[in-house]
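Chain residues, written in single-letter form:
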Amino acid sequence: MVLLQLFLEFFKTGLFALGGGLATLPFLKQIALKYSWFSVSQLTDMIAVSESTPGPIGINMSTYAGFHAASVPGAIVATLSLVLPSYIVILIVSHFMEKFRDSPLVNNVFYGIRPATAGLIAGAMFEVFLLSLFNINAFQASGSILDLFQFIPIVVYVIALIGIFKLPKIHPIVFIIGGAVLGIVLGL
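Quick summary incoming for the structure in this document. (Residues numbered from 1 in each chain as written. Predicted model: local features only at pLDDT ≥ 70, side-chain atom pairs only at ≥ 80, totals over all residues. Heavy atoms only, no water.)

We note that Ser 71 has phi near 60°; this positive angle belongs to a residue other than glycine. Inspection of the secondary structure puts Ser 71 in helix 4 (residues 57-100). Assessed through its relative accessible area of 38%, Ser 71 is described here as partly exposed. (Helix = DSSP H or I, 4+ residues; strand = E, 2+ residues; numbered from the N terminus. Buried < 20%, exposed > 50% of the residue type's maximum accessible area, 1.4 Å probe, protein only.)

Encoded structure:
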């Protein structure tokens, strides 16, 4: 039953998450709220692991989530079901693309998808900021504004942001490794 639920949820995610891996984040949050496979707070871990491992972010995240839900079979089902809608759509589009390549309607549809994709990615970015820099649950429980902010991640984020803009041409892998080390040392 869990494998069927994984298939359906990740198939739906793959079908509607236009714009790549981070566009799957709102869907993953809904999955976390609906099922006990992983928690909303684990999404930041999923993002960190997915960003730091080779391969597409969305596929890495679905594999990670599927593994948490049902071990290796869950990882396989979640990954394949996330990719399957794209595969089907590409087969269909490629079949008709030759015929409608110069159609203004087709060009307008593809042009209209761009803002939706940008909106999904912006929404995912907003979710990542909320999850990693603010502790909304602690704030709701105590009512203290100081409990809202996660000060260590905010300081690390500001320092990294300054470093990215001020340090001359440091390779991104340095920031990735530095972030991983800080995450392990500080328990972020």
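Don't stop here, the text continues.
Following the sequence through the fold, Ser 81 ends up in helix 4. Classification of Ser 81 as buried rests on a relative accessible area of 0%. A distance of 2.8 Å separates a polar atom in the side chain of Ser 81 from the backbone oxygen of Val 77. Other than its neighbours up to four places away in sequence, Ser 81 contacts Leu 6, Phe 7, Phe 10 and Phe 11. (Polar contact = N/O pair within 3.5 Å; in protein donor to acceptor, adjacent residues only side chain to side chain. Contact = heavy atoms within 4.5 Å.)

Another point: the pattern of salt bridges. Pairing between side chains of opposite charge can happen when the charged atoms of each approach one another. The final tally for this structure, using the stated rule, is two salt bridges. Close ionic contact of Lys 12 with Glu 9 constitutes a salt bridge, the shortest N to O distance being 3.4 Å. Pair noted here: Lys 12 and Glu 9 are both in helix 1 (residues 2-16), with a separation of three residues, about one helical turn. The partner of Lys 34 in a salt bridge is Glu 9, and the shortest N-O contact between them spans 3.2 Å. (Salt bridge = Lys/Arg side-chain N within 4 Å of Asp/Glu carboxyl O.)

With that out of the way, let us pick up the packing of helix 7 (residues 151-166) against helix 8 (residues 172-186). For any two helices packed against each other, the geometry comes down to the angle between their axes and how far apart the axes lie. Direction vectors running N to C along helix 7 and helix 8 enclose 165°, while the axes themselves pass 12 Å from each other. In terms of orientation, helix 7 and helix 8 fall into the roughly antiparallel class. Between helix 7 and helix 8 lies a crossing of right-handed hand. From helix 7, Ile 152, Val 156, Ala 160, Gly 163 and Ile 164 reach across to helix 8, where they touch Phe 175, Leu 182 and Leu 186. (Axes fitted to C-alpha atoms, helices over the stretch in contact; angles between N-to-C directions. Parallel < 35°, antiparallel > 145°, perpendicular 65-115°, else oblique. Left-handed = near helix turned anticlockwise from the far one by under 90°.)

Attention now moves to the packing of aromatic side chains. Inspection of every chain in the model, using the stated rule, returns four aromatic pairs. Summarising the aromatic geometry, the rings of Phe 7 and Phe 11 are spaced 5.7 Å apart at their centres and angled 25° between planes, so their arrangement reads as stacked. Linking Phe 7 with Phe 11, this pair stays in helix 1, spanning four residues, or about one helical turn. Its relative accessible area of 29% is what places Phe 7 among the partly exposed residues. Under the relative-accessibility criterion, Phe 11 is labelled partly exposed at 24%. With a centroid separation of 5.5 Å and 55° between ring planes, the pair formed by Phe 134 and Phe 149 is classed as tilted. With a gap of 15 residues between them, Phe 134 in the loop between helix 5 (104-133) and helix 6 (136-142) and Phe 149 in the loop between helix 6 and helix 7 connect regions that are remote in the sequence. (Phe/Tyr/Trp six-rings, centres within 6.5 Å; stacked < 30°, edge-to-face > 60°.)

Moving on, we get to the packing of helix 3 (residues 42-52) against helix 4. It is at 9 Å that the axes of helix 3 and helix 4 come closest, and there the two elements cross at 130°. In terms of axis orientation, helix 3 runs oblique to helix 4. The hand of the helix 3/helix 4 crossing is right-handed. Contact with helix 3, carried on its side by Gln 42, Asp 45, Met 46, Ile 47, Val 49, Ser 50 and Glu 51, involves Ile 57, Asn 60, Met 61, Tyr 64, Ala 65 and His 68 of helix 4 and no other residues of that element.

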